[in-house]
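# Structure assessment
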Amino acid sequence: MAALCSEFGDLAEIKKQLISVIYLCKERGLQHTAKWASELAFALDPLPKDEVPPAPEFTEEDAKDLDALTLAKSYFDLKEYDRAAYFLKDCCSKKAYFLYMYSRYLSGEKKKDDETVDSLGPLEKGQVRNEALRELRVELSKKHTASELDGFTLYLYGVVLRKLDLLKEAVEVFVEAIHALPLHWGAWLELSNLVTSTEMLKSLSLPDSWIREFFMAHMYTELQMIKEALQKYQSLIEAGFSKSTYIISQIAVAYHNIRDIDQALSLFYELRTQDPFRIDNMDTFSNLLYVKGMKPELSFLAHNLVEIDKYRVETCCVIGNYYSLRSQHEKAALYFQRALKLNPRCLGAWTLMGHEYMEMKNTSAAIQAYRHAIEVNKRDYRAWYGLGQTYEILKMPFYCLYYYRKAHQLRPNDSRMLVALGESYERLSQQVEAKKCYWRAYSVGDVEKMALLKLAKLHEQLNESDDAAQCYMLYIQDIFSCGEQLEHAEVSTALRYLGQYYFKNKLYDEASLCAQRCCDYNDAREEGKALLRQISQVRDQIETPSADLFVPLSNNTPVRRVSPLNLISFTP
């Protein structure tokens with residue numbers, strides 16, 4: 001922490017660097033990095049007039065290319081990329097060369113998108129390529145070999161390599177780009193999309209710059225290392241970036257990722273207060289409102305974003321979530337398709353569209369959508385989990401197991417992944433593995449309160465009555481201790497089994513309590529009454545033994561020993 005504070009010691013110097021990089025990015029049409037740097041600079045205190053950095057100096061080559069560059073930049077800003085490239089082709093300055101190559105790249109991307117929008121649906125988008133990529137790679141490769149590329153052009157070269165699926169080379173070039181120009185946030189973001197594990201992250205040679213802390217915090221969020229991410233962002237706030245809306249939004253996303261919904265919602269409400277016309281991250285906000293079932297708030301958000309900009313990807317995703325919450329799945333899928341027409345690399349839209357196709361029982365389209373999501377980002381556990389669910393419907397357990405394992409690797413402490421894994425192992429008759437998964441799901445904090453129930457039923461099937469009773473007992477305690485009755489709770493099933501178990505073990509007081517509690521549930525009332533009659537019959541003949549309740553466990557399942565369940569203290 002002390003090291004971090006010293007690194008951010010001179011906030012005025014950091015602000016000067018941000019202002020300088022804003023100039024550089026605006027000159028080259030790199031609007032997203034300019035926006036990110038501007039938001040960060042806005043969070044810092046204003047500089048005195050005599051300390052504001054001047055615009056970048058002109059070189060001899062810049063002066064020579066000035067007229068062509070000014071003309072081409074005006075065409076570039078109007079998205080006339082071919083026209084911009086034509087007037088830049090004879091220029092020799094590095095700034096003009098970047099804009100020339102970038103114009104050619106964006107021209108190819110625009111043509112690719114135009115070709116796909118009308119003729120193909122979003123699921124087939126990946127089949128169309130940017131025809132300019134190969135030529136750009138050849139030309140940039142020659143310049144790279146001759147060490148003639150600056151930080152911006154190295155970034156462009158990395159993007160071209162990534163688009164051509166040359167990922168290893170792309171990582172090396174992006175690392176080179178951030179060393180050449182550490183303050184270009186776009187290069188850091190592109191690199192983050194290619195980092196697939198913590199081992200890979202540690203192996204990267206990153207420049208020693210304050211912006212590295214922002215990158216590491218971003219990477220921790222992406223790699224689901226949420227505790228470390230929150231610590232980083234808290235350190236950045238304490239270092240002087242407390243007013244940064246970017247950091248607030250990232251902390252909200254981090255809480256969203258660990259399903260701390262209330263904390264994430266409060267941060268998004270704070271963000272909306274500070275920046276009411278913000279659209280970035282509002283799709284994540286809508287996911288939270290969807291999970292909480294907050295229809296009026298989601299409706300208000302959707303209408304508000306439509307008023308601001310109805311053709312933004314995030315707006316389409318929010319509207320899609322709104323229709324999904326109203327169970328209008330065809331309309332929801334339509335809006336997610338619109339989002340993908342605007343940005344084919346929108347990860348959230350692919351995953352959410354997969355969910356909608358699942359709701360519509362269109363498994364083949366769902367599989368395609370989830371696969372596209374994984375192509376965009378292999379770290380998206382929701383897409384891997386969705387694929388597992390889809391193959392579960394298709395009754396293909398080996399495929400299920402593969403995809404659930406992938407989801408579990410990305411979210412090792414998510415009980416839902418573990419329960420899904422356990423179910424897959426159970427279908428494949430791998431009971432030992434299934435038991436381990438269910439117990440682990442309970443141990444990490446079972447979100448849906450299903451793991452113990454499934455583990456108990458598995459023990460019951462295997463005639464491991466002592467272990468089944470232990471699990472049913474823990475399940476009942478778990479359900480009542482959470483303070484709310486869950487829709488799927490099968491307390492009556494557990495009580496029925498425990499009643500019979502105690503009866504067989506001649507513990508008639510406990511059996512009687514369970515039978516009485518069974519009478520509180522419609523589906524177990526008759527069995528409860530029957531058990532009470534049985535108990536009253538045998539009580540006249542046999543004295544109740546005061547033996548230990550449980551014998552040692554019959555297998556290696558790590559179930560802890562508990563005392564006989566006191567049902568009187570629980571009110572169903």
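Residues numbered from 1 in each chain as written. Predicted model: local features only at pLDDT ≥ 70, side-chain atom pairs only at ≥ 80, totals over all residues. Heavy atoms only, no water.

### Things to note about the pattern of salt bridges
According to the stated counting rule, one finds 29 salt bridges in the structure shown. A salt bridge links Arg 28 to Glu 27; its shortest N-O distance comes to 3.5 Å. Classification of Arg 28 as buried rests on a relative accessible area of 7%. Linking Arg 83 and Glu 80 is a salt bridge whose minimum nitrogen-to-oxygen distance equals 2.8 Å. Look at Arg 83 and you get partly exposed, because its relative accessible area is 39%. For Glu 80, a relative accessible area of 30% translates into the label partly exposed. Overlapping salt bridges, with partners in common, bring together Lys 35, Asp 280, Arg 312 and Glu 314 in one network. (Salt bridge = Lys/Arg side-chain N within 4 Å of Asp/Glu carboxyl O. Buried < 20%, exposed > 50% of the residue type's maximum accessible area, 1.4 Å probe, protein only.)

### Here's the deal with the packing of helix H13 (residues 211-222) against helix H15 (residues 245-257)
Packed helices, taken two at a time, are described by the angle between their axes plus the distance between the axes. One way to put it is that H13 packs onto H15 with a least axis distance of 10 Å and a crossing angle of 20 degrees. Here H13 lies roughly parallel to H15, going by the angle between them. Of the two possible hands of crossing, H13 and H15 adopt the one that is left-handed. Along its contact with H13, which presents Phe 214, His 218 and Thr 221, the element H15 presents Tyr 246, Ile 247, Gln 250, Val 253, Ala 254 and Asn 257. Of the residues that constitute the contact of H13 with H15, the class distribution is 5 nonpolar, 4 polar and no charged. (Axes fitted to C-alpha atoms, helices over the stretch in contact; angles between N-to-C directions. Helix = DSSP H or I, 4+ residues; strand = E, 2+ residues; numbered from the N terminus. Parallel < 35°, antiparallel > 145°, perpendicular 65-115°, else oblique. Left-handed = near helix turned anticlockwise from the far one by under 90°. Contact = heavy atoms within 4.5 Å. Nonpolar A, V, L, I, M, F, W, Y, C, P; charged D, E, K, R; others polar.)

### Here's the deal with the nonpolar core
Note on soluble globular proteins: their nonpolar side chains tend to be buried together. Ranked by internal contacts, the top residues of the largest apolar core, which has 189 residues, are Tyr 105, Leu 191, Leu 201, Phe 214 and Phe 215. Tallying contributions element by element places helix H28 (residues 465-481) first for this core, with 10 residues. Residues in contact with Phe 215, not counting those within four places in the same chain, are Trp 185, Trp 188, Leu 191, Ser 192, Leu 201 and Leu 206. (Core = buried A, V, L, I, M, F, W, Y, C linked by side-chain atoms within 4.5 Å.)

### Observations regarding the side chain of Arg 272
Tracing the chain through its elements places Arg 272 in helix H16 (residues 261-274). Asp 275 provides the closest opposite charge to the buried, unpaired Arg 272, separated from it by 8.5 Å. In this structure, Arg 272 is in contact with Arg 278, Met 282, Phe 285, Phe 300, Leu 301, Asn 304 and Leu 305, ignoring residues within four places of it in sequence. (Lys, Arg positive; Asp, Glu negative; His and termini not counted.)

### As for the side chain of Arg 416
For Arg 416, the location among the structural elements is in helix H25 (residues 415-427). Look past the residues within four positions of Arg 416 in its chain and what remains in contact with it is Arg 259, Tyr 381, Tyr 385, Arg 411 and Glu 448.

### Some words on the packing of aromatic side chains
Going through the model one piece at a time under the given rule, you end up with 31 aromatic pairs. Judged by centre distance (5.7 Å) and plane angle (25 degrees), the ring pair of Tyr 323 and Tyr 335 falls under stacked. Here Tyr 323, found in helix H19 (residues 313-325), pairs with Tyr 335, found in helix H20 (residues 329-342); they are 12 residues apart in sequence, far enough to count as distant. A residue is classified by how much of its surface remains accessible, and Tyr 335, at 18% relative accessible area, is buried. When the centroid spacing of 5.7 Å and the interplanar angle of 65 degrees are considered together, the rings of Phe 503 and Tyr 508 count as edge-to-face. Each residue in the set Trp 36, Trp 185, Trp 210, Phe 214, Phe 241 and Tyr 246 is aromatic and connected to the rest through ring pairs, giving one cluster. The ring of Tyr 97 is capped by Lys 143, whose NZ or CZ atom sits 4.7 Å from the centre of that ring. Sitting over the face of the ring of Trp 384, Lys 406 holds its NZ or CZ atom 5.5 Å from the ring centroid. (Phe/Tyr/Trp six-rings, centres within 6.5 Å; stacked < 30°, edge-to-face > 60°. Lys NZ or Arg CZ within 6 Å of the ring centre and 35° of its normal.)

### A closer look at the UniProt feature "repeat: TPR" (unreviewed entry) in the chain
Those places that UniProt annotates as "repeat: TPR" (unreviewed entry) correspond, in this numbering, to residues 313-346 and 347-380. Within residues 347-380, the helical portion is 79% and the strand portion 0%, while the C-alpha atoms at the span's ends are 8 Å from each other. (UniProt positions renumbered as here; feature names shortened; annotations may be inferred.)

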